[in-house]
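Fold and contact review
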Amino acid sequence: MSLLVESIQYLFDNFETFLQLLQEHVFLVVVAEVAAVLVALPVGILATRNDAVKRYALRVGNVFHTIPPLAVIALVFPFVGIGMKSGFVALWAYGLLPILINTITGIEEVDESTVEAARGVGMTENQILKSVQLPLAVPVIFAGIRTSTIINVGNGYLAFFIGAGGLGDWVVTGIALFNNPQILAGAIPGALLAIGLDLALGRVENRLRTGDEPGQRSTTAAA
Amino acid sequence: MTSTIIDFENVTKEYPDGTVAIEDISFSVEEGTTTVFVGPSGCGKTTTMKLVNRLEELTSGKIYYDGQEIRSLDKIDLRRNIGYVIQEIGLFDHMTVAENVGMVPTLLEWDRARIDDRVDELLDLMDLPAETYRDQHPMELSGGQRQRVGVARALAADPDVMLMDEPFGALDPITREKLQDEFLEIQAQIDKTILFVTHDIDEALKMGDKIAIYRNGQIVQYDTPKEILTNPANDFVREFIGSDRLIKELKFMTAGDVMDETADVTGKTLSELGAAGVEFARNGQGYLTVERSETTHVALMKIYEGHVEGVLVTEGEEVVGTVTEADLKRNLSEGR
Ligand SMILES: Nc1ncnc2c1ncn2[C@@H]1O[C@H](COP(=O)(O)OP(=O)(O)OP(=O)(O)O)[C@@H](O)[C@H]1O
Ligand SMILES: [Mg+2]
């Protein structure tokens, strides 16, 4: 119990640094994640329409994902160099696969009869994707984004090794110095950050599904 | 003069895996009529539907839509012009009932107000009051309601042709019969060309102007319900119709069709007849009568229930003929 008090004490004693590290960590995760979504989502969509794309995309995603995160970081940094940039690239690469897989499964698991009906009423393939498959795949795709985000909050700790900063600073230094309060002061905010980002994504998902979904008598499909 | 709107000429469909779903099929559908495709599971009924709106491409032969070879028509336009009720219903679960029904008009870029009016009109027609149902999601509906929404969606843009693949398939017999009756009424109002799939011969006989009986990818008989009942092409058709074929046949003839008009009561009114008429149509309660337009099935029921040999056929007050058990027997196909 006193350890927890001590770590809170540590955090407030070094509040300036804490904010700095937290900001770096959030920045790293969020930017890498946004970039991962921007790549994995379109590639995932493309993969559902082209088998070759699907094979290669999954292969690449798998490679990034099966090597331990530290190794990914180690692999990236000779190319990109030390600092924040390597951190981004490593986290981005590591975050791709869950989004990719879930985008593909989400779209492919939309009921065949629903797609057939959409085709039967005369929707074009693009309209089917936009108005039927993607909306129905939203929960699965978001599950992928959430998984990927949580993984990367964790991986963000390793970014310290290549000088990308983040909460890893306190955890790694704390371990080296046997400073338990410092370790916890770095670790607990990360856990809270993961939970916080997950909740935030949950809200975005709900908005997408109910709020401005093809809703209220207005929008449905367009070219 | 009647004109045909859908024509199949020696059409064969082989799926990529080698399954020949239909083989060398030819038939024509007249405009404004209902043609029912009936047969056992897997005989190619759904495939036939999908060939019409080009969800599947034919392997050989030709299909014409309103005189034009369908391969020369734009697929998307063709589908928007043909209403399709798919076997699995296939509603868009993430959209409201109104959005489902309004889908084709939306694709055709009707203006909003027109779509809303059309959706309300159709929901009311389908006995799903718009105020209650338009904003519900398909998941909240019963099986029967979902099928109605499926039918409404297909009707939305007022297509000339409707493909209905077992539209009342997943329903209990009572709801099914109710929807059939409603649909017959609706069809009388909207007057569309309908291609209707079922594997229930009774439904086929009830709904169809023409019936195509399928077996293993081929049509074994294409005729009016009456012809199919009275002249089954072969044992397969006979068996498919079932052992109660004669009862079905009785339901397809009216008293007027079989009555004897030469009886000396003909031309009199019931009250003129008094007690002096034909004995064979009378029991303790008086004369037994059927309307000219009632089926011979009703006449037979009355004969048996009343323990008489025959009934009087009336049109309004006037007696126009008589029907006896012997008349019925003579007119049933088995007797010929
Ligand atoms: N996409 C497909 N690929 C390969 N074979 C298919 C395909 N669709 C249907 N078939 C086969 O073609 C045949 C006819 O199928 P179809 O769906 O037209 O039958 P159906 O008469 O509608 O049957 P049911 O009453 O069960 O709906 C069946 O043997 C079926 O297995
Ligand atoms: Mg079928």
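Further up the page is the structure itself.
Okay, so let's go over this structure. (Residues numbered from 1 in each chain as written. Chains lettered and ligands numbered in written order. Predicted model: local features only at pLDDT ≥ 70, side-chain atom pairs only at ≥ 80, totals over all residues. Heavy atoms only, no water.)

**Observations concerning the overall build of chain A**
- Scanning chain A from N- to C-terminus turns up nine helices and zero strands.
- For chain A, the succession of helices and strands along the chain, N to C, is α-α-α-α-α-α-α-α-α.
- For chain A, the spread of C-alpha atoms along the principal axes amounts to about 65 × 40 × 25 Å.
- By the burial criterion, 44% of the 223 residues in chain A qualify as buried.
- Here the contacts in chain A between residues at least 6 apart in sequence split such that 77% fall between residues at least 24 apart. (Helix = DSSP H or I, 4+ residues; strand = E, 2+ residues; numbered from the N terminus. Buried < 20%, exposed > 50% of the residue type's maximum accessible area, 1.4 Å probe, protein only. Contact = heavy atoms within 4.5 Å.)

**Digging into the sheet that holds strand S2 (residues 20–30) of chain B**
Residues and elements named next belong to chain B.
- Read from one edge of the open sheet, four strands run S2-S1-S4-S5, paired in antiparallel fashion. Of all the strands in the sheet, just S2 and strand S5 (68–69) have a single pairing partner and so form its edges.
- Two elements, strand S4 (residues 60–65) and S5, share two bridges in a ladder whose sense is antiparallel. Across the sheet, the residue bridging to Tyr65 is Gln68, located in S5.
- Contacts from helix H1 (residues 45–52) reach strand S1 (4–14), S2 and S4 within the one sheet, and its direction differs from that of S1 by about 120 degrees. (Pairing = 2+ DSSP bridges. Axes fitted to C-alpha atoms, helices over the stretch in contact; angles between N-to-C directions.)

**Quick notes on the packing of aromatic side chains**
- One pass over the full model with this rule turns up 13 aromatic pairs over all chains.
- Each ring, one from Phe27 of chain A and one from Phe88 of chain A, has its centre 5.7 Å from the other, and the planes form 70 degrees; the classification is edge-to-face. Of this pair, Phe27 of chain A sits in helix H2 (residues 15–47) while Phe88 of chain A sits in helix H5 (residues 84–108), and the two are 61 residues apart along the sequence.
- Among the residues examined, Phe88 of chain A registers a relative accessible area of 18% and is labelled buried.
- Joined through ring pairs, the aromatic side chains of Tyr10, Phe12, Phe15, Phe18 and Trp170 of chain A make up one cluster.
- The ring of Trp110 of chain B has Arg114 of chain B sitting right over it, with the charged end atom 3.7 Å from the ring centre.
- When the ring centre of Phe92 of chain B is taken as origin, the NZ or CZ atom of Arg153 of chain B, which lies over that ring, is 4.8 Å away. (Phe/Tyr/Trp six-rings, centres within 6.5 Å; stacked < 30°, edge-to-face > 60°. Lys NZ or Arg CZ within 6 Å of the ring centre and 35° of its normal.)

**Digging into the nonpolar core**
- Core analysis: the largest hydrophobic core is formed by 88 residues, its most contacted members being Met123 of chain A together with Ile6, Phe8, Val101 and Leu195 of chain B.
- Counting residues per element, this core draws most heavily on helix H7 (residues 143–155) of chain B, which supplies five residues.
- If sequence neighbours within four positions are ignored, Leu195 of chain B has contacts with Ile6, Val29, Thr35, Phe37, Met49, Val52, Val161, Met162, Leu163 and Met164 of chain B.
- Ranked by size, the runner-up nonpolar core spans 18 residues in total, among them Leu100, Ile141, Phe142 and Ile145 of chain A. (Core = buried A, V, L, I, M, F, W, Y, C linked by side-chain atoms within 4.5 Å.)

**Considerations on the interface of chain B and chain A**
- The interface of chain B with chain A comprises 25 residues on the first partner and 25 residues on the second.
- Summing both sides of the interface, chain B and chain A together bury roughly 2100 Å²; the carbon and sulfur share of this comes to 59%.
- The tally of links from chain B across to chain A stands at one salt bridge.
- Of the charged contacts in the structure, one is a salt bridge between Glu116 of chain A and Lys50 of chain B, with a shortest N-O distance of 2.6 Å.
- Inspection of the chain B/chain A interface yields four residue pairs in polar contact (both at pLDDT 80 or more). (Buried area = accessible area lost by both parts, 1.4 Å probe. Salt bridge = Lys/Arg side-chain N within 4 Å of Asp/Glu carboxyl O. Polar contact = N/O pair within 3.5 Å; in protein donor to acceptor, adjacent residues only side chain to side chain.)

**Concerning a nonpolar patch on the surface**
Residues and elements named next belong to chain A.
- Residues Leu4, Ile8, Phe12, Phe15, Leu19, Ile188, Leu192, Ile195 and Leu199 make up a contiguous nonpolar surface patch of about 850 Å² in total accessible area.
- For the nonpolar patch, the elements supplying multiple residues, two or more each, are helix H1 (2–13), H2 and helix H9 (180–211).
- Among the elements that take part in the nonpolar patch, H9 stands out by supplying four residues, more than any other.
- Looking at the element boundaries, Ile195 is found in helix H9. (Patch = residues over 30% accessible without salt bridge, like charges linked within 9 Å, V, L, I, M, F, W, Y side chains within 5 Å. Areas by Shrake-Rupley, 256 points an atom, 1.4 Å probe, with all protein chains shown as cover.)

**Remarks on the site of ligand 1**
Residues and elements named next belong to chain B.
- The local shell around ligand 1 holds 13 residues, among which Ser41, Gly42, Lys45, Thr46 and Thr47 are the closest.
- Contact distances for ligand 1 include 2.7 Å between an oxygen atom and a side-chain N or O atom of Lys45.
- The fraction of the free accessible surface of ligand 1 (640 Å²) that becomes covered by protein chains is 66%.
- The element best represented in the shell around ligand 1 is H1, accounting for three residues.
- A breakdown of the residues in the shell around ligand 1 according to their chemical character gives three nonpolar, seven polar and three charged. (Near = heavy atom within 4 Å. Nonpolar A, V, L, I, M, F, W, Y, C, P; charged D, E, K, R; others polar.)

**Things to note about the coordination of the magnesium ion (ligand 2)**
Residue and element names in this part refer to chain B.
- Donor atoms from the polypeptide that coordinate the magnesium ion (ligand 2) comprise Thr46 (OG1) and Gln87 (OE1), at 1.8 to 2.3 Å from the metal. With Thr46 in helix H1 and Gln87 in the loop between strand S6 (82–85) and helix H3 (97–101), this pair connects stretches of sequence that are 41 residues apart.
- With relative accessibility at 32%, the residue Gln87 sits in the partly exposed group. (Donors = N, O, S within 2.8 Å, 3.2 Å for Na, K, Ca; no water.)

**Regarding helix H5 (residues 112–125) of chain B**
Residues and elements named next belong to chain B.
- Taking 1.5 Å of rise per residue, 14 residues should cover 20 Å, and H5 covers 20 Å from first to last C-alpha, within 8% of that figure.
- Within the sequence span of H5, burial applies to Ile115, Asp116, Arg118, Val119, Leu122 and Leu123. Seen along its axis, H5 keeps its buried residues to an arc of 165 degrees; they face one direction.
- On its buried side, H5 packs onto H3, helix H4 (103–107), helix H6 (130–133) and H7.
- Among the residues trailing H5, Asp127 stands out with phi positive, at a value near 65 degrees. (Expected span 1.5 Å × (residues − 1). Arc of directions from axis to C-beta.)

**Here's the deal with the packing of helix H4 (residues 69–80) of chain A against H5 of chain A**
Residue and element names in this part refer to chain A.
- One way to put it is that H4 packs onto H5 with a least axis distance of 9 Å and a crossing angle of 135 degrees. The orientation of H4 with respect to H5, classified from their angle, is oblique. Between H4 and H5 lies a crossing whose hand is right-handed. Listed contacts from H5 to Pro69, Val72, Ile73, Val76, Phe77 and Val80 of H4 are Lys85, Ser86, Val89, Ala90 and Tyr94.
- A per-class count over the contact of H4 with H5 returns nine nonpolar, one polar and one charged. (Parallel < 35°, antiparallel > 145°, perpendicular 65-115°, else oblique. Left-handed = near helix turned anticlockwise from the far one by under 90°.)

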